[in-house]
Amino acid sequence: MGFFLETLFGGLMAGMLYSLIALGFVLIYKASGVFNFAQGAMVLFAALAMARFAEWIPKWLGFDNLIVANLLAFVAAMALMIVLAWAIERLCLSKLVNQEGITLLMATLGISYFLDGLGQTLFGNDIYSINVGMPKDPAMILENVFEGGLLLSKEDLIAAIIAAALVALLALFFQKTATGRALRAVADDHQAAQSIGIPLNRIWVIVWSVAGFAALVAGIIWGSKLGVQFSLSLVALKALPVVILGGLTSVPGAIIGGLIIGVGEKLSEIYLGPFFGGGIEIWFAYVLALAFLLLRPQGLFGEKIIDRV
Amino acid sequence: MLYRENGQFKTSYAADQQIFPILQDRVAIGALLAIAFVIVPMFGSEYIFRAILIPFLILALAALGLNILVGYCGQISLGTGAFMAVGAYGAYNFLVRIDGMPLIAAMLLGGLSATVIGVLFGIPSLRIKGLYLAMATLAAQFFTDWAFLRIGWFTNNSTSGSVSVAKLNVFGLPIESPVAKYLFCLVVVCVFALMAKNLTRSAIGRQWMAIRDMDVAAAVIGIRPMYAKLTAFAVSSFIVGVAGVLWAFIHLGAWEPAAFSIDRSFQLLFMVIIGGLGSIMGAFFGAAFIIVLPILLDQVPQWFGIPLSTATTSHLVHMIFGALIVFFLIVEPHGLAKLWSIGKQKLRLWPFPH
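Residues numbered from 1 in each chain as written. Chains lettered and ligands numbered in written order. Predicted model: local features only at pLDDT ≥ 70, side-chain atom pairs only at ≥ 80, totals over all residues.

1. Details of the overall build of chain B
Next up, step 1: Each helix and strand counted, chain B has 14 helices and four strands in total.
Next up, step 2: Over its C-alpha trace chain B gives a radius of gyration of 21 Å, about what one expects of a compact globule, namely 20 Å for 354 residues.
Next up, step 3: Taking the principal axes of its C-alpha atoms as reference, chain B extends roughly 70 × 60 × 45 Å.
Next up, step 4: Across the 354 residues in chain B, those meeting the buried criterion constitute 45%.
Next up, step 5: In chain B, of all internal contacts separated by at least 6 residues, the share reaching a separation of at least 24 is 75%. (Helix = DSSP H or I, 4+ residues; strand = E, 2+ residues; numbered from the N terminus. Rg over C-alpha atoms; globule rule 2.2 N^0.38 Å. Buried ≥ 20, exposed ≤ 12 C-beta atoms within 10 Å, placed from the backbone. Contact = placed C-beta atoms within 7 Å.)

Structure (C-alpha cells):
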C-alpha cells in the first residue's frame, strides 16, 4: 500500500509538470487557434536562458548573491521570452492569418527547430544546472500510518505548489483583469472581438508572452530537477497527449489531463510494464490519448465538438 | 529561346496525356537518366555514393511516399520514421525466417507490412483530422520505437538490439560495391517515382486531391472519404516502407530502432514542405536540399578558413531549416518545385516576351 501511494504521488508530481507545459499549449490554442508545437522548444530556450543568465549576470555585474542573481536572471529570461513572443507574432503568425490549422502546425514545427538551434547557439549545448535553492532531500510523512512511512521528494512538493500557484495566478489573470477578458473574448470569436476594438496582434503577443512565462516556470522546475539539456525539448512531446486527453481548449483539462497521464504512466509502468517487457512509459500516454481520440475526440473538458469527417 | 513548345501539336490523346508533353522536357529527362545511370557510376567516388547519392535517393523515395499522404491527400503524418522502421524490420524478418527469400520479394513484403500498419494507424483519420491526426501518427512513432527495441521477436532475439544483413544479391548479382548499391536504389526509385506520378494523375490521385482541398465537397460529388484516405495511407506507407528497407539494408547494413526515430519523421516532413507539397519533383528537390545543406555548411566555412565545430554546424542547420520552413510556408507553400515551374514558365517566353 505504501509503495502504491509513493508511485501515485510520484505520478502526480510528474503529471503536475506535464500540466505546466500543457498549459502553454492550451493558452495559445485558445487565443489564436494555433497548435503550438514549439512549446517544448520554448521550455528549453527559457531554461537555457535562465541557467546561463544566472551564471553570467553575477560575472558581468561583479556580485555574488544567489537570490539576486536568480531574480535578475528570471527577469532577463522573461524579457527575452517577451521579445521572442513579439518576434514570432510579427515575423510568422501575422503572415499566416486565416491559414489552415495544418499549415500553422507545420510553421510552429519550424519555429521549434529554429529555437532549438538558436538557444543552443546562443547559450551553449552542455548540460547546465539551475539552482534556485530547492531542497533536494526527501521527506518522510505518515510514518505512524504505514510501516516505514512514505518517501516524498520535497523538491517535487515545492514544484507542485509552484505549479498550483501559477494556475491560480493565470485563472485570476484571465477572470479579473481587462486584458484577461480581452483574451477570453478573442478565444471565443476572433471577428467579434476585433469588431469591438480588441487589437488581435497585441493580444497574440500577450498570449505568447504568457505562454513564454509558463514555459519559463516549467523550464526552471524541470531544469532544477533534471538539469537543462536538449532532452527537455522532447519531454514537451508528452504534453501533446495531455492536451488531447484534457481537451484542447480547457485550462482545467490541461491540469487534470496532466495528472491522469502522469499517474497512469507511473502506475502502468509498475503494474502493467512487466507483462509487456518494460519501458511502456514511452508510449502509454500516446496510446491512451489515441484511445480517447477514437471514443471522445474533444477530450475530457473540450467545449467544441471537432468537425467530423 | 530553346525552350519553346511552338509547333508541337498533339494529334492523339496518348500524345496529349503523356507525362512530359514538351519535347525539350523529354530530352532533358532522358539526358538526366542517362547521366544518372551511365556517367555517374563511371566517375563517382565512393564518398559521393555513400554520403550523398545513396541517402539522397532513399530519402527522396521516403519523401515521395510522405508527399502522397501530406501533399496530395492532406493528411499530416509525424510517424513516417515508424513506417520506415516497420518496412525495414518486416523485410528483415522475411529475409531471415524464410530460406532463400529473394531481396526484391523481401523488400516488397516489407513494404506490405508497412502498408498494414499504416492503414491501421490511418483508421483514426476517418474521424479526426489536422493536429489530432498528427497526434495519432505520433503514437505510431513512439509505439514502434518501443516495440522494435523491446520485443525480441522482431530483431530475431539479437542481444545487442541491433540487426544486420549481409551478402545481398538480386538475381544472382551481388549488391556489395557502392556503385551496385547506387544503381539498385536508382532503379527502385525510378520505378516508384513513375508509379507515383501515374497514380497521382489517375482517378485515385484526383480523389486524394479532392479530399485534400475540401473533404465535404469531395463526399458530395461521390468520393468515398474512407476509401480515398485509406488508399492514400496504404500507398504512402508502402512506398515509405520500401524506402525504409532500402535505408536499412542498402545504406546502413546494420541498424537499430534509433535509425528511424522521430527526428527522421520530422526530417522527411521538412523535405516535403521545403521541396513542395503535392509534387513528385518536390520530393527530390527537398531531399537534395536537406542532404546537401549540412554538408555544405560543414565544408564552405573551411574553404574560407573559418572552422566551425560540428555542434555549431548542427545548430546552424537546425536554425536554417526552421527559418526556411516558416519562410516557405509564408512565401511559397508549394516549395522549391513551384519555384522550378515558375522558372520554366519564364523560360518559355525568354528572351522575347511576346
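2. Section: the overall build of chain A
Next up, step 1: The helix and strand inventory of chain A stands at 13 helices and two strands.
Next up, step 2: Here chain A has a C-alpha radius of gyration of 20 Å; the compact-globule value for 309 residues is 19 Å, and the two agree.
Next up, step 3: When its C-alpha atoms are laid out on the principal axes, chain A stretches across 65 × 60 × 35 Å.
Next up, step 4: Per-residue burial over chain A gives 46% buried out of 309 residues.
Next up, step 5: Counting contacts in chain A only where the partners sit at least 6 residues apart, residues at least 24 apart contribute 74% of the total.

3. Points about the interface of chain A and chain B
Next up, step 1: Every contact between the two is made by 39 residues of chain A and, on the other side, 37 residues of chain B.
Next up, step 2: Counting residues per element, the ones that place at least two in the side of chain A that touches chain B are α4 (101–123), α10 (239–246) and α13 (281–295) of chain A.
Next up, step 3: Element by element, the count of residues in the side of chain A that touches chain B is highest for α4(A), at 16 residues.
Next up, step 4: The residue makeup of the side of chain A that touches chain B, split by class, is 26 nonpolar, ten polar and three charged. (Nonpolar A, V, L, I, M, F, W, Y, C, P; charged D, E, K, R; others polar.)

4. What to know about the confidence of the model for chain B
Next up, step 1: Per-residue confidence for chain B gives a mean pLDDT of 87, with 99% of residues at or over 70.
Next up, step 2: This complex was scored by the predictor with a pTM of 0.87 and an ipTM of 0.82. (pLDDT = per-residue confidence, 0-100.)

5. Notes on the confidence of the model for chain A
Next up, step 1: Per-residue pLDDT for chain A has a mean of 81; in total, 90% of the residues score no lower than 70.
Next up, step 2: Across chain A, element-level confidence peaks in helix α3 (residues 66–91) of chain A with a mean pLDDT of 89 and bottoms out in strand β1 (residues 138–141) of chain A with 65.

6. Thoughts on helix α14 (residues 335–349) of chain B
Residue and element names in this part refer to chain B.
Next up, step 1: Over its 15 residues, α14 extends 23 Å from the first C-alpha to the last, a length consistent with the 21 Å expected when each residue adds 1.5 Å.
Next up, step 2: Buried within α14 are the following residues: G335, L336, A337 and K338.
Next up, step 3: Buried residues along α14 sit in contact with α11 (262–275), α12 (280–303) and α13 (310–331). (Expected span 1.5 Å × (residues − 1).)

7. With respect to the packing of helix α2 (residues 23–43) of chain B against helix α7 (residues 178–201) of chain B
Residues and elements named next belong to chain B.
Next up, step 1: Close contact between α2 and α7 brings their axes to 11 Å; oriented N to C, the two are set at 170°. As judged from the angle between their axes, α2 and α7 are roughly antiparallel. Here α2 contributes A36, F37 and P41 to the contact with α7, which in turn contributes V179, Y182, L183 and L186.
Next up, step 2: When grouped by side-chain class, the residues that make up the contact of α2 with α7 number seven nonpolar, no polar and no charged. (Axes fitted to C-alpha atoms, helices over the stretch in contact; angles between N-to-C directions. Parallel < 35°, antiparallel > 145°, perpendicular 65-115°, else oblique.)

8. Notes on the environment of L20(A)
Residues and elements named next belong to chain A.
Next up, step 1: Position of L20 relative to the elements: it lies in helix α1 (residues 2–32).
Next up, step 2: L20 gets classed as buried once you count the C-beta atoms within 10 Å, which come to 26.
Next up, step 3: Other than its neighbours up to four places away in sequence, L20 contacts A163, L166, A214, V217, A218 and I221.

9. With respect to the environment of D99(B)
Residue and element names in this part refer to chain B.
Next up, step 1: Here D99 shows up in the loop between α4 (80–97) and α5 (103–122).
Next up, step 2: Residue class for D99 comes out exposed when judged on the 6 C-beta atoms lying within 10 Å of it.
Next up, step 3: With 41 residues separating them in the primary sequence, D99 and I58 have C-alpha atoms 27 Å apart.

10. Quick word on the environment of Q39(A)
All names here are of chain A.
Next up, step 1: With respect to the element layout, Q39 can be found in helix α2 (residues 39–61).
Next up, step 2: Assessed through the 30 C-beta atoms surrounding it within 10 Å, Q39 is described here as buried.
Next up, step 3: Between the alpha carbons of Q39 and A22 there is a distance of 8.4 Å; along the sequence they are 17 residues apart.
Next up, step 4: Sequence-distant contacts of Q39, that is, excluding residues within four places in its chain, are made with I21, G24, F25, A211, A215, A236 and A239.

11. Details of the packing of α12(B) against α14(B)
Residues and elements named next belong to chain B.
Next up, step 1: Between α12 and α14, the least distance of the axes is 7 Å, while the angle of their chain directions is 115°. Considering their axes alone, α12 and α14 lie roughly perpendicular with respect to each other. Two packed elements cross with a definite hand, and for α12 against α14 that hand is right-handed. On α14, the residues touching M281, G282, F285, G286 and F289 of α12 are G335, L336, A337 and W340.
Next up, step 2: Split by residue class, the contact of α12 with α14 holds six nonpolar, three polar and no charged. (Left-handed = near helix turned anticlockwise from the far one by under 90°.)

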